[in-house]
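# Survey of secondary and tertiary structure
Single-letter residue listing:
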Amino acid sequence: MTRLHAELQRTNCELERSVEENARMRGYLSRVLESLPCGVLVVDAAEKIEIINPEARRLLQFDPQYSNDNGTHLPLPLVQTLRDLPGNKAISEQEHSIAGVSGNRVIGISRANVSESEGTAAGTILILRDMTEQKRIASEREAARRSHALAEVATVLAHEIRNPLGSLELFTGLLADATGHMPETRQWVTQLASRVTRALGHGEQCFAVP
């Protein structure tokens, strides 16, 4: 009897330690989840939210005091995005646009399925990251690249146009000198020289690189 009592006490102590360890690990994992810089969202097979961390609430513009105790469903636009994501086990990412007070935000959503021991789908883990700044920088870089390319094209065109016009201006100057004793002809040559000079000036203005 004494031996049985001691065995029960030992078992109870081990059980208590196991419960305490489980509680400690759950608390630690909960703090890790709360501190993650990316959004984490876990939904069940019925597309009801089971877990959502603060960053996911921020990205999806949920109320900071939001609680999923009642098994809230995903917002409809996000449900459609979720259904559009590939259903295999490989993590994939798709962009999702969310309208906000300060403008649209682009959210990258990665998906991984959670399976039961029998292999049936039990739910889905969604990893969310804010891609708004990344998209803005990429857009600015593309605009700068296009502007640089246009500047190069303008430089080449200006060079190609300026050279023949410069030669034409030189020859009209020579003609003006050669026809100095021919007033009627010189009049036409002077007009031609004036038009060439004007064309050169307009060309430099049109193809000037800002």
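Okay, the pattern of salt bridges next. Taken as a whole and assessed by the stated rule, the structure comprises 9 salt bridges. Measuring nitrogen to oxygen at the nearest pair gives 2.8 Å for the salt bridge that ties glutamate 21 to arginine 24. In this pair, glutamate 21 and arginine 24 are both assigned in helix 1 (residues 2-35), 3 residues apart and thus about one turn of the helix distant. What makes glutamate 21 partly exposed here is its relative accessible area of 37%. Each member of the salt-bridge network shares a partner with another, and the members are Glu55, Arg58, Arg105 and Asp130.

Our focus in this paragraph is the side chain of threonine 124. With respect to the secondary-structure elements, threonine 124 resides in strand 5 (residues 121-130). Not counting the four nearest positions on each side in its chain, threonine 124 is found in contact with Leu41, Val42, Val43, Leu82, Arg111, Ala112, Asn113 and Val114.

Below, the discussion takes up the confidence of the model for the protein chain. Confidence in the prediction of the protein chain, expressed as mean pLDDT, is 76, and 77% of residues score 70 or more. Mean pLDDT in the protein chain bottoms out at helix 5 (residues 183-206), which sits at 69, and peaks at strand 1 (residues 39-44), which reaches 87.

The rules behind these values
- Residues numbered from 1 in each chain as written.
- Predicted model: local features only at pLDDT ≥ 70, side-chain atom pairs only at ≥ 80, totals over all residues.
- Heavy atoms only, no water.
- Salt bridge = Lys/Arg side-chain N within 4 Å of Asp/Glu carboxyl O.
- Helix = DSSP H or I, 4+ residues; strand = E, 2+ residues; numbered from the N terminus.
- Buried < 20%, exposed > 50% of the residue type's maximum accessible area, 1.4 Å probe, protein only.
- Contact = heavy atoms within 4.5 Å.
- pLDDT = per-residue confidence, 0-100.

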